[in-house]
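# Close look at the chain arrangement
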Protein chains: 2
Amino acid sequence: MSMNRLCALTGAEFPLFAFSHCRDVVAAVSRAGGFGVLGATRFTPEQLEEELAWIDAHVDGAPYGVDVLVPEVVDPRVRELADNRSRAKAIDPSYQEFVNSVLGAHDIVPESQMPILAERMGITPENGLALMEVAFRHPIRLIANALGVAPASMITEGRKRGVPVAALVGAKEHAIRQAEAGVDIIVAQGTEAGGHCGEVSTLVLVPEVVRALEKAGHDIPVLAAGGIMTGGQMAGMMAAGAQGAWTGSVWLATPEAETSEAFREKMVAARSRDTVRSRSRTGKPARQLNTPWHGAWDAPDGPRSLPMPLMGMVSEPAFARIEREAAAGNAKARELVSYFVGQGVGLVDQVRSSRQVVQDFREEFIDAVTGLASIAGIE
Amino acid sequence: MSMNRLCALTGAEFPLFAFSHCRDVVAAVSRAGGFGVLGATRFTPEQLEEELAWIDAHVDGAPYGVDVLVPEVVDPRVRELADNRSRAKAIDPSYQEFVNSVLGAHDIVPESQMPILAERMGITPENGLALMEVAFRHPIRLIANALGVAPASMITEGRKRGVPVAALVGAKEHAIRQAEAGVDIIVAQGTEAGGHCGEVSTLVLVPEVVRALEKAGHDIPVLAAGGIMTGGQMAGMMAAGAQGAWTGSVWLATPEAETSEAFREKMVAARSRDTVRSRSRTGKPARQLNTPWHGAWDAPDGPRSLPMPLMGMVSEPAFARIEREAAAGNAKARELVSYFVGQGVGLVDQVRSSRQVVQDFREEFIDAVTGLASIAGIE
């Protein structure tokens, strides 16, 4: 496999970027010639330090990256609240009552007072920047950001250390703004992606972003994200103008992932239509496995979602409770088991090791290109 | 270009299928080595006869097809209404009042009684079957159907005459049902497509449908539809498992198309985010250029959409009026100019002839495959 410019920039042998919250996935992908990117938002700075030290010790010198979330825009309702404890107090008690009613309808006995997540970091600019500082203390080869234009300190620090900065975007205007801010790699993420996503499909967004960047004179490589679960799709998006693939959902169905057995079983059973783009978990539109939780919150008479990070402070303890109940054998609770996953879940039909997924991608990629070349009479 | 199985089945030289309501586009594409498919639903049987006779006289013997709509399911509110005049009477007058309010807000003086479309065919099973009969009297090389499983008479007649039957689907379960009914070609159409569409993106749907058909033992070629505006995207979807591309929106920006100048100008200006999937024109979810019309109907307090074909009987005279007013220079009316178009509208930056579009697709296709082969070290 000859390298392209993106590979040269990041050190990836095969331009398959794997976003995961699990260090084992990150290290396994990078060791197999792909490029693992650790999602850092779930960790405190101390925890992230520990995770990255582990990766450094297990990645055999292969390149890897870190993804942080530094939201560009903070809801005015949140801006005045300095810490998670004051934020928790600001949440109207009717939200907890609504959570209790949804859980109660699924055989989960409401606790007298549900734990409102106060010890977790939450997705805020200051938390994102604290994680970024930890990341830059490690030999990372990429730092990625989403939820708005990358902050100036990330661009400056990346330049100083020779670490390329990648930014996730869901619209061509956002790609231009990122390029103007000095970002090195654009990840064009379609609406079919798991987690926070826009409305435009990957197939349309990738060439639209590539063309808009060219037209504006920005010579920046683009990674395609959203829906990519196979090497054939990866080759396809590279035919449409991307220099590689950014993937997430496919790693959730590996034994190394942070997902529960119940969720992995639901992934294997799910069709592509079983996801929903909903504000009901983080406060921003994010694609996830559709469950009665989402139906209840998104109903016309459901409660308005809270802004980020308040919504996560309400939802995450509930989802933790759901997982515990499902693991203990509560069948109704299992109906509520959900996680951030894209429409590509419809292409998951088994649990495979991360190493195997990279190998399958490589083989499918070569098969797809060989097949196309043969049709086009190029071989 | 060596042919694949789909080309052998249809006689297409290059597997680029062009859906258009305009005979000029159909003939030009087929003459240029693609495969034109005439959308027949706007015509009476007599008009369709005339259109197909024209194509026969102008296509130079190249293969072409016809697309009809025979809805599998008819809304119970419509089933008892035998003709368009009784259907028109069944529409609550509040709908016409709402149309008048939307038009009035855009400087279109409401007529005392708006013309409710009674002379047009409307999308109903009997109308679809009448058009199918006309189509089979011509040397077509493909008949396509959407809105449910192809009727038995279409399959039988297609087999008898050696005309392959294609069916548009938006979900893998639908592909299996079509295959079981005896359809010869599946068009897997993603949510980014213009017109009636489902919720799953093309990039995910194509491999999901290909895999589901294989698993169920159906050896049927799949065309990718939705968002495809370039030969690079076409190559991409073929890398992901399709045998060719089914396209629509790209032909609306040709001078031959039935679109107005105002609409073509709006296409060139539009971004991919400027479309909306809405029931407000046909009664079923269909993607179209987003305008204040759609905002008004789809608002939480907007009227419920009517079932097909009643909704079109309300909306089509309004859109005809909007086009006339816009053409006469009414700037506010121009804001309402809309048509069925996919997210790929974001990739339209000029009006090109149909012949040129086919040529560009061919060149982009070869460039994309050559580039991929070079990356993969295959050349």
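Reading guide: rules and limits
Residues numbered from 1 in each chain as written. Chains lettered and ligands numbered in written order. Predicted model: local features only at pLDDT ≥ 70, side-chain atom pairs only at ≥ 80, totals over all residues. Heavy atoms only, no water. Pairing = 2+ DSSP bridges. Helix = DSSP H or I, 4+ residues; strand = E, 2+ residues; numbered from the N terminus. Axes fitted to C-alpha atoms, helices over the stretch in contact; angles between N-to-C directions. Domains from an automatic or database assignment. Contact = heavy atoms within 4.5 Å. Buried area = accessible area lost by both parts, 1.4 Å probe. Salt bridge = Lys/Arg side-chain N within 4 Å of Asp/Glu carboxyl O. Polar contact = N/O pair within 3.5 Å; in protein donor to acceptor, adjacent residues only side chain to side chain. Nonpolar A, V, L, I, M, F, W, Y, C, P; charged D, E, K, R; others polar. Disulfide = S-S within 2.5 Å. Buried < 20%, exposed > 50% of the residue type's maximum accessible area, 1.4 Å probe, protein only. Least-squares fit on C-alpha atoms with pLDDT ≥ 70 in both. Phe/Tyr/Trp six-rings, centres within 6.5 Å; stacked < 30°, edge-to-face > 60°. Lys NZ or Arg CZ within 6 Å of the ring centre and 35° of its normal.

Residue and element names in this part refer to chain B. As summarised here, the arrangement of the 8 strands in space is β1-β2-β3-β4-β5-β6-β8-β9, forming a closed barrel in which the pairing is parallel. Across this sheet, the average inter-strand angle for adjacent strands is 25°, counted without regard to direction. Judged from the 3 bridges that link them, strand β1 (residues 16–20) and strand β9 (residues 244–247) form a sheet pairing that is parallel. Paired with Ala18 across the two strands is Thr247, which belongs to β9.

What follows is about the domain arrangement of chain A. All names here are of chain A. Split by domain assignment, chain A resolves into domain 1 (5–71 + 123–257) and domain 2 (76–120 + 259–335). Centre-to-centre, using C-alpha coordinates, domain 1 lies 26 Å away from domain 2. Contact residues are listed per partner, giving 20 residues for domain 1 and 15 residues for domain 2. Taken over both partners, the interface formed by domain 1 and domain 2 buries close to 1,300 Å², and the fraction arising from carbon and sulfur atoms is 56%. At the boundary of domain 1 with domain 2, the tally comes to 1 salt bridge. The closest approach of N and O atoms between Arg87 and Glu126, which form a salt bridge, is 3.2 Å. In this structure, the connection of domain 1 to domain 2 is made through 9 residue pairs in polar contact (both at pLDDT 80 or more). For the side of domain 1 that touches domain 2, the secondary-structure elements that each account for two or more residues are β7 (195–196) and α12 (249–252). For the side of domain 1 that touches domain 2, the per-class residue count stands at 8 nonpolar, 8 polar and 4 charged.

Within the structure shown, the criterion is met by 0 disulfides over all chains. The closest cysteine sulfur to the non-disulfide-bonded Cys197 of chain A is located on Cys197 of chain B, 16 Å from its own sulfur. Of the residues examined, Cys197 of chain A reaches a relative accessible area of 10% and is grouped as buried.

So, about the relation of the copies chain B and chain A. One copy of the chain maps onto the other through a rotation about an axis followed by a shift along the same axis. Each copy of the sequence occupies a distinct position, and chain B is placed on chain A by a rotation of 180° and an axial shift of 0.0 Å, giving an RMSD of 0.0 Å. Considering both components of the superposition, the chain copies are consistent with a two-fold axis. Every residue of chain B has its C-alpha some distance from the rotation axis, and the shortest such distance is that of Gly236 of chain B, at 1.7 Å. Most of the interface of chain B is mirrored in chain A, where 100% of its interface residues again form contacts.

In this structure the tally under the stated criterion is 18 aromatic pairs over all chains. Look at Phe14 of chain A and Phe365 of chain A: their rings are 5.5 Å apart centre to centre, the planes differ by 90°, and that puts the pair in the edge-to-face class. One end of the pair, Phe14 of chain A, is in the loop between α1 (5–10) and β1 (16–20); the other, Phe365 of chain A, is in helix α17 (residues 354–375), and 351 residues separate them in sequence. For the pair Phe14 of chain A and Phe365 of chain A, one class covers both residues: buried. Residues Phe17 of chain B and Phe35 of chain B carry aromatic rings whose centres are separated by 4.8 Å and whose planes lie at 35° to one another, so their mutual orientation is tilted. Of this pair, Phe17 of chain B sits in strand β1 while Phe35 of chain B is found in strand β2 (residues 35–39), placing the two residues 18 residues apart along the sequence. By way of ring pairs, the aromatic residues Tyr95, Phe98, Trp293, Trp297 and Phe319 of chain A are connected into one cluster. Note that Arg281 of chain A overlies the ring of Phe319 of chain A, its terminal NZ or CZ placed 3.9 Å from the centroid. Geometry around Phe340 of chain A places Arg281 of chain A over its ring, the cationic atom sitting 5.0 Å from the centre.

So, on to the pattern of salt bridges. When charged atoms on two side chains of opposite charge get close, those side chains can pair. Tallying each qualifying case throughout the model produces 36 salt bridges over all chains. Salt bridges linked by common partners bring Glu173 of chain A together with Arg271, Arg273 and Asp274 of chain B together as one network.

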